[in-house]
Amino acid sequence: MILGGTSEARLLAEALAARDECDVLLSLAGRTEKPATQPVPVRIGGFGGAAALADFLKAGGYDLLIDATHPFAERISANAPFAAETAGIATIALRRPEWQRLPGDRWREVQSIAEAIEALGPSPRHVFLATGRQGAHHAEAAPQHHYLVRSVDPVEPPLVLDNVDYVLDRGPFTLDGECDLLRQHDIDAIVAKNSGGAATYAKIEAARLLGIEVMMVTRAPASTVKAVDTVEAALAAIDHLFPPAMKRGV
Ligand SMILES: NC(=O)c1ccc[n+]([C@@H]2O[C@H](COP(=O)([O-])OP(=O)(O)OC[C@H]3O[C@@H](n4cnc5c(N)ncnc54)[C@H](OP(=O)(O)O)[C@@H]3O)[C@@H](O)[C@H]2O)c1
């Protein structure tokens, strides 16, 4: 079973679905109203905690649990190794590498969205809040700024702020598109998570080109589970765990 919600999970599911010896189920949390189409059977919704996830794995006779969730999906990633151990099956984590600061980047690293909002300072700024709808409410702590909030689905309830614009969009984003967006809204600060990956990196490049400061929310320390950082490496790890002759269900 693949815990998903990322483009990597979809690509890994696609690669495994092409193998006759694998039965794959992709699990989504159900956060987005219209999730992307997936190449394998999908189940949607939380399990009810780590023990319930373990029960689900045992009942379904799964051999392997792959945590391919977003690097900031910390709860499910903490549950996954516990559940796999309880169910007595193997587990691997697929984590994109973090973005690294390059010359010209004006990053301030912070531990949370709340800290990022505080780091914007007391003077009014034009802020692009690019961290999705979960956590957008932290902006209410600093109502002096003008916010542009981007998310896949609408922020519900809307933020209690006088100065806020919303843009609904789903990656991948292009450098030209991000530069246009930042210029149109006269943005002088961006709040972003260090998600890694290509799909949402264009805003970071655009910020570099335009000299815009980025409040970069860093990741929590990684767990001790065996982690790989590409779909190809995940496939290799699966081959290592289950040499081709003995593959059954993932
Ligand atoms: N956090 C982000 O910035 C972000 C960005 C893009 C995509 N996503 C995707 O959105 C989903 C939710 O993210 P989150 O930050 O809310 O996660 P989270 O805080 O780690 O998870 C909260 C709860 O949601 C359920 N859950 C999360 N991922 C699930 C999955 N793939 N399948 C079934 N249940 C899942 C679990 O509920 P139970 O305990 O009841 O099992 C989990 O305890 C993840 O799958 C992630 O890949 C997150």
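On a predicted model such as this, the values are computed, not experimentally measured, just so you know.

A.B. asks: In this structure, what is going on with helix α2 (residues 50-60)? I would like to understand it.
C.D. replies: Side chains of residues three or four places apart in an α-helix project in the same direction, reflecting 3.6 residues per turn. Within α2, burial applies to A50, L53, A54 and L57. Projected down its long axis, α2 shows its buried positions confined to an angular sector of 100 degrees, all on one face. Looking at the packing, one finds that the buried side of α2 touches β4 (64-67) and α3 (74-87). Remark: G61 follows α2 within two positions and exhibits a positive phi of approximately 65 degrees.

A.B. asks: Hey, could you run me through the sheet that holds β4 in this one?
C.D. replies: What links the strands of a sheet is backbone hydrogen bonding, and the strands pair in either a parallel or an antiparallel sense. Spatially, six strands are ordered β3-β2-β1-β4-β5-β12 in an open sheet, and the strand pairing comes out parallel. Where the open sheet ends on each side, the last strands, each with one partner, are β3 (42-44) and β12 (227-228). For strand β1 (residues 2-3) and β4, the ladder comprises two bridges, and the chain directions are parallel. Residue pairing for β4: L3 is matched across the bridge by D67. Sitting on the sheet, helix α7 (residues 231-241) is in contact with β4, β5 (90-94) and β12, with an inclination near 170 degrees to β5.

A.B. asks: Would you mind showing me how to read the packing of α2 against α3 here?
C.D. replies: Helix packing for two helices is described by the angle between their axes and how far apart those axes are. α3 packs onto α2 with a crossing angle of 45 degrees between their chain directions and a minimal axis gap of 8 Å. In terms of orientation, α2 lies oblique with respect to α3. The two elements α2 and α3 meet at a crossing, and its hand is right-handed. Contacts between α2 and α3 involve A50, A51, L53, A54, L57 and K58 from the first element and N79, A80, F82, A83, A84, T86 and A87 from the second. Residues belonging to the contact of α2 with α3 are distributed by class as follows: ten nonpolar, two polar and one charged.

A.B. asks: Whenever I open this one, the layout of surface pockets confuses me. Can you help?
C.D. replies: Where empty space is left becomes clear once a probe the size of a water molecule has been rolled over the atoms. Volume-wise, the second largest pocket comes out at about 280 Å³. Taken together, 19 residues make up the lining of the second largest pocket; nearest its centre are S77, R95, P221, A222 and S223. The set of elements that each furnish at least two residues to the lining of the second largest pocket consists of α3 and β5. With five residues, the single largest contributor to the lining of the second largest pocket is α3. A breakdown of the residues in the lining of the second largest pocket according to their chemical character gives twelve nonpolar, three polar and four charged.

A.B. asks: Can you walk me through the packing of aromatic side chains in this structure?
C.D. replies: For any pair of aromatic rings, the description consists of the separation of the ring centres together with the inter-plane angle of the planes. Under the defined criterion, the tally for this structure stands at three aromatic pairs. Aromatic pair F56 and Y62: ring centres 6.3 Å apart, planes at 10 degrees, arrangement stacked. Taking relative accessible area as the criterion, Y62 reaches 17% and is therefore assigned buried. Arranged with centres 5.4 Å apart and planes meeting at 50 degrees, the rings of W99 and Y201 form a pair that is tilted. Remark: Y201 occurs in the loop between β10 (189-193) and α6 (202-210) and W99 occurs in the loop between β5 and β6 (106-110); sequence separation between them is 102 residues. Across the pair, exposure class does not vary: W99 and Y201 are buried alike.

A.B. asks: Which parts of the structure should I look at to understand the sheet that holds β10?
C.D. replies: If you trace the six strands from one edge of the open sheet to the other, you get β6-β11-β10-β7-β8-β9, paired in parallel fashion. Whereas interior strands pair on both sides, the edge strands pair on one side only; in this sheet they are β6 and β9 (164-168). Neighbouring strand axes in the sheet, compared pairwise and without regard to direction, differ in orientation by 20 degrees on average. Bridge count for strand β8 (residues 146-151) against β9 is five bridges, and the pairing is parallel. Counterpart to S151 in the pairing with β9 is L168. Sheet strands touched by α6: β6, β7 (126-129), β8, β10 and β11 (213-217). Its angle to β10, the strand with the most contacts, is close to 150 degrees.

A.B. asks: Would you mind going over the site of the ligand with me for this structure?
C.D. replies: Taken together, 23 residues sit near the ligand, with G4, S27, F47, G48 and K193 positioned nearest. Interatomic distance of 2.7 Å between a side-chain N/O atom of S27 and a nitrogen atom of the ligand. At 3.2 Å, a backbone N or O of E74 approaches an oxygen atom of the ligand. For the ligand, whose free accessible area comes to 810 Å², the fraction covered by protein is 83%.

A.B. asks: It is not clear to me how the pattern of salt bridges should be interpreted in this structure. Could you clarify?
C.D. replies: Going through the model one piece at a time under the given rule, you end up with nine salt bridges. Put simply, D67 and R95 hold a salt bridge, and the shortest N to O gap is 2.7 Å. Of this pair, D67 sits in strand β4 while R95 sits in the loop between β5 and β6, and the two are 28 residues apart along the sequence. With relative accessibility at 3%, the residue D67 sits in the buried group. Among the salt bridges present, the one from E213 reaches R125, with a minimum N-O distance of 2.9 Å. Remark: R125 occurs in the loop between α4 (113-119) and β7 and E213 occurs in strand β11; sequence separation between them is 88 residues. Taken together, the salt bridges that share partners define one network made up of R108, R125, D188 and E213.

How each quantity is defined
- Residues numbered from 1 in each chain as written.
- Predicted model: local features only at pLDDT ≥ 70, side-chain atom pairs only at ≥ 80, totals over all residues.
- Heavy atoms only, no water.
- Buried < 20%, exposed > 50% of the residue type's maximum accessible area, 1.4 Å probe, protein only.
- Helix = DSSP H or I, 4+ residues; strand = E, 2+ residues; numbered from the N terminus.
- Arc of directions from axis to C-beta.
- Contact = heavy atoms within 4.5 Å.
- Pairing = 2+ DSSP bridges.
- Axes fitted to C-alpha atoms, helices over the stretch in contact; angles between N-to-C directions.
- Parallel < 35°, antiparallel > 145°, perpendicular 65-115°, else oblique.
- Left-handed = near helix turned anticlockwise from the far one by under 90°.
- Nonpolar A, V, L, I, M, F, W, Y, C, P; charged D, E, K, R; others polar.
- 1 Å grid on protein atoms, 1.4 Å probe; cavity = no way out; pocket = protein on both sides within 12 Å on 5 of 7 lines; lining within 4 Å.
- Points joined across faces, edges and corners; volume = space filled by probe spheres on them.
- Phe/Tyr/Trp six-rings, centres within 6.5 Å; stacked < 30°, edge-to-face > 60°.
- Near = heavy atom within 4 Å.
- Polar contact = N/O pair within 3.5 Å; in protein donor to acceptor, adjacent residues only side chain to side chain.
- Areas by Shrake-Rupley, 256 points an atom, 1.4 Å probe, with all protein chains shown as cover.
- Salt bridge = Lys/Arg side-chain N within 4 Å of Asp/Glu carboxyl O.

Note that every value here comes from positions in space, so none of it alone points to a role or purpose.
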